[in-house]
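Overview (structure and organization)
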Amino acid sequence: MRIFSLLISLIALALPSTLLAQDFRMQMITDGLSHPWGLAPITSNDFLITQKTGGIIRITEGKKTLLEGGPEAYIRGQGGVLDIALDPNFTKNQWVYISYSEGTKKDNGLSIARFTLTDDALIEPVEIFRQSSRRSTPAHYGGRIAFSDDATLFVSTGDAYNNREDAQKPDSQLGKIIRIDTNTLKAEIYSIGHRNPQGLVFDASSNILYSHEHGPKGGDEVNVITKGANYGWPLATFGVDYSGAQISPFTEFEGTVQPNVNWTPSIAPSGMALYQGEQFAQLNNHLIVGSLKFKQIHIVDVSDPSKTTFDTRVLTPNIDERVRDVRVLDGRIFIVTDSKDGKLIELTPTS
Amino acid sequence: MQNRTFLTPLGSWVAAALLCGTLLSLVNSISVVIGLNSINANISVLGAALFIANDLPNLAPVLAMVSGIGFTIAFTLANLLSRNLIARPMAYAACGAIAIFTAVAAMHPIFETTLLPAARGPIGFSFLVASGACGGFLYQHLTSRQL
């Protein structure tokens, strides 16, 4: 009995340094979104949300407006209107970047367009990027976008599912992270060997680009992205095909980078934000990652980015919604959930 | 006196499905190895053999089940065709091939991707269909000896 009491005391002492599920409350801001995919908070009361099925929604003070304009997307399978990012100088220029799939059933790919936001419309579209490697499948587009500085935009691209070997081909834009100069519109391949990366974050304080990607059955990954590196897909993977067949005999391969996190079984990660703020101080220098499969939020400790393996844990055990995107603004955490009745939710502290 | 074999029609159907599932698994694994070597994986012959062998227990049973379902319809049709129209070995081999062609082709509109890597190119696809023909041929061979 004395040992049990001592154990309880030790756990109680450990609690203040670790956030638990009961420390959070899910506060719904709005619902009725059609398969929301990307989220861009302008302020903590003003949000832009892409819907994969088409259309960009602006939510101001809880009021929803379907914006006029926006990209003409090829909507099928995993394709549609995907991610959204504000220009680093948004307050001056009102520019918004949107990634989306475009084309036809036999010839489609990922594109990025820039728009100017007015109160209720997206106007003056400018094509920033159009994937040169085309495909005939509506799957594995990647599609996450993230700025590193005023004019450098990173975009993740998927392997199109059927073209996995192309992820290793340096002349293909499938299965890559691509760096785009938004002034000159020059696009260059930054890293290769990706399957379907759906999380991309640049940490300006350390100049590190983080990405996560879907493995097949097993082998979801978090990687620190460096220029010119090869992240292995499909030469090396911890996953197997959905049929149970092997994809590669290798879990590591010379010349490729091992993941900092290997989620096996897969969590189906989507969306990612780096937490820096005061509201949840314990989360500082953690990546916050949504899980489509387990309907959870996971965190990844990147306080020491030089570590070869990052610690991970589940932040919220089950929120009954597929988490599609996560964003942090001024220390506040916002998520969108992916369904016919998708929601914008803020995680708030219970006390 | 009848020249009976040890296999009933049901047993022959199971044998045909197992053969086809095994061949489909082999073709798929070989296709994956070729794909990996095309991006400099440098898998040796021994490595490829181990890779193929490792896939068999996971992949062949699933593909044998798919083949078996396809063969149920295909062999019924082959039985009808072989009565008057086409030579029996040809009818069963052709219907076995059509069964696998249909099964593999049907995966595409359902999943909007090609689940079996071997089916992503014409050569691999042809070998998959040929596996179906082998299954059909085996079935007719085993059942014809029972007549």
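Residues numbered from 1 in each chain as written. Chains lettered and ligands numbered in written order. Predicted model: local features only at pLDDT ≥ 70, side-chain atom pairs only at ≥ 80, totals over all residues. Heavy atoms only, no water.

1. What to know about the overall build of chain B
We apply this condition: A run of H or I in DSSP counts as a helix once it spans at least four residues, and a run of E counts as a strand once it spans at least two, with each numbered from the N terminus. Three labels apply to residues, based on accessible area from a 1.4 Å probe with only protein chains included: buried if under 20% of the type maximum, exposed if over 50%, partly exposed otherwise in between. Computed by Shrake-Rupley with a 1.4 Å probe, the accessible areas treat only the displayed protein chains as cover when residues are assessed.
Summing up its helical and strand segments, chain B has four helices and zero strands in all. Ordering the α and β elements of chain B from the N terminus gives α-α-α-α. For chain B, buried positions account for 44% of its 147 residues. Total accessible area computed for chain B in this model is approximately 7600 Å², and 74% of it derives from carbon and sulfur atoms.

2. Here's the deal with the pairing of strand β4 (residues 56-60) of chain A
Residue and element names in this part refer to chain A. How we decide: Two strands pair under a simple rule: DSSP has to find at least two bridges between them.
Extensive coverage of β4 is indicated by the burial of four of its five residues. The sheet contact formed by strand β3 (residues 46-51) and β4 spans five bridges and is antiparallel. Its bridge partner being in β4, Phe47 is matched across the sheet by Ile59. Linking β3 to β4, which pair antiparallel, is a turn of four residues; within it Gly54 sits at a positive phi near 120 degrees. Here four bridges tie β4 to strand β5 (residues 63-66), and the two strands are oriented antiparallel to one another. Its bridge partner being in β5, Arg58 is matched across the sheet by Thr65. Joining the antiparallel neighbours β4 and β5 is a turn of two residues, in which Glu61 adopts a positive phi near 50 degrees.

3. With respect to the confidence of the model for chain A
The following threshold applies: The quantity known as pLDDT measures the predictor's confidence residue by residue, on a range of 0 to 100. In what follows, a contact means two residues having at least one pair of non-hydrogen atoms within 4.5 Å.
Confidence along chain A averages 93 in pLDDT terms, with 94% of residues attaining 70 or more. Here residues 1-16 of chain A scores under 50 on pLDDT; set against residues more than four positions off or in separate chains, the count is two contacts.

4. Things to note about the nonpolar core
Inclusion rule: What we call a nonpolar core is a set of buried Ala, Val, Leu, Ile, Met, Phe, Trp, Tyr and Cys residues that are connected through their side-chain atoms within 4.5 Å.
With 25 residues, the main nonpolar core has B:Phe71, B:Phe75, B:Val104 and B:Leu128 as its most contacted residues. Of all the secondary structure elements, the ones that give two or more residues to this core are α1 (9-37), α2 (45-84), α3 (88-111) and α4 (122-144) of chain B. Broken down by element, the residue count for this core peaks at seven residues, all from α3(B). Sequence-distant contacts of B:Leu128, that is, excluding residues within four places in its chain, are made with B:Leu24, B:Val27, B:Ile100, B:Val104, B:Leu116, B:Ala118 and B:Ala119. Of all hydrophobic cores here, the second largest spans 17 residues; its members include A:Ala273, A:Ile319, A:Val323 and A:Val326.

5. Examining the interface of chain B and chain A
The cut-off we apply is this: The quantity reported as buried area is the accessible area (1.4 Å probe) lost by two parts once they are put together, taken as the sum for both. In what follows, salt bridge is the name for a side-chain nitrogen of Lys or Arg lying within 4 Å of a carboxyl oxygen of Asp or Glu. Two N or O atoms form a polar contact when they lie within 3.5 Å of each other; inside protein one atom must be a possible hydrogen donor and the other a possible acceptor, and for residues adjacent in sequence the pair counts only when both atoms belong to side chains.
Across the boundary between the two partners, chain B contributes 21 residues, which contact 23 residues of chain A. Of the roughly 1800 Å² buried where chain B meets chain A, counting both sides, 58% is carbon and sulfur surface. When the area that chain B buries against chain A is broken down by residue, the three leading residues are B:Ile39, B:Glu112 and B:Arg120, summing to 33%. The interface formed by chain B and chain A contains one salt bridge. The partner of A:Arg76 in a salt bridge is B:Glu112, and the shortest N-O contact between them spans 2.5 Å. Run the count over chain B and chain A and you get four residue pairs in polar contact (both at pLDDT 80 or more). Here the element with the most residues in the side of chain B that touches chain A is α2(B); it accounts for five residues.

6. So, the confidence of the model for chain B
Put simply, chain B has an average pLDDT of 92, and 93% of its residues get 70 or more. When the elements of chain B are averaged for pLDDT, α3(B) gives the smallest value, 92, and α1(B) the largest, 97.

7. Let's talk about the sheet that holds strand β21 (residues 296-301) of chain A
Residues and elements named next belong to chain A. The following threshold applies: Here, axes are lines fitted to C-alpha atoms. For helices the fit covers the stretch in contact, and angles between N-to-C directions go from 0 to 180 degrees.
Spatially, four strands are ordered β19-β20-β21-β22 in an open sheet, and the strand pairing comes out antiparallel. A strand with exactly one partner marks an edge of an open sheet, and here the two such strands are β19 (269-275) and β22 (312-316). Averaged over all adjacent pairs, the angle separating strand axes in this sheet is 30 degrees, with direction ignored.

8. Concerning the sheet that holds β5(A)
Residue and element names in this part refer to chain A. Spatial ordering of the open sheet is given by β2-β3-β4-β5, a layout of four strands whose pairing is antiparallel. Whereas interior strands pair on both sides, the edge strands pair on one side only; in this sheet they are β2 (36-43) and β5. Direction aside, neighbouring strands of the sheet carry axes that sit 20 degrees apart on average. Two strands pair when backbone bridges link them, and β2 and β3 are joined in this way by six bridges, in the antiparallel orientation. Note that in β3 the partner of Pro36 across the bridge is Gln51.

9. Observations concerning the packing of aromatic side chains
Heads up, the rule is: For Phe, Tyr and Trp, where Trp contributes only its six-membered ring, two rings pair if their centres lie within 6.5 Å, and the inter-plane angle classes them as stacked under 30 degrees, edge-to-face over 60, or tilted in between.
Applying the stated criterion to the full structure yields 13 aromatic pairs over all chains. Look at A:Phe154 and A:Tyr190: their rings are 4.9 Å apart centre to centre, the planes differ by 70 degrees, and that puts the pair in the edge-to-face class. Taken as a pair, A:Phe154 in strand β12 (residues 152-157) and A:Tyr190 in strand β14 (residues 187-192) lie far apart in primary sequence, 36 residues in all. Overall, the relative accessible area of 3% leaves A:Phe154 in the buried class. Three or more aromatic residues link up through ring pairs in this structure, and these residues are B:Phe71, B:Phe75, B:Tyr92 and B:Tyr139.

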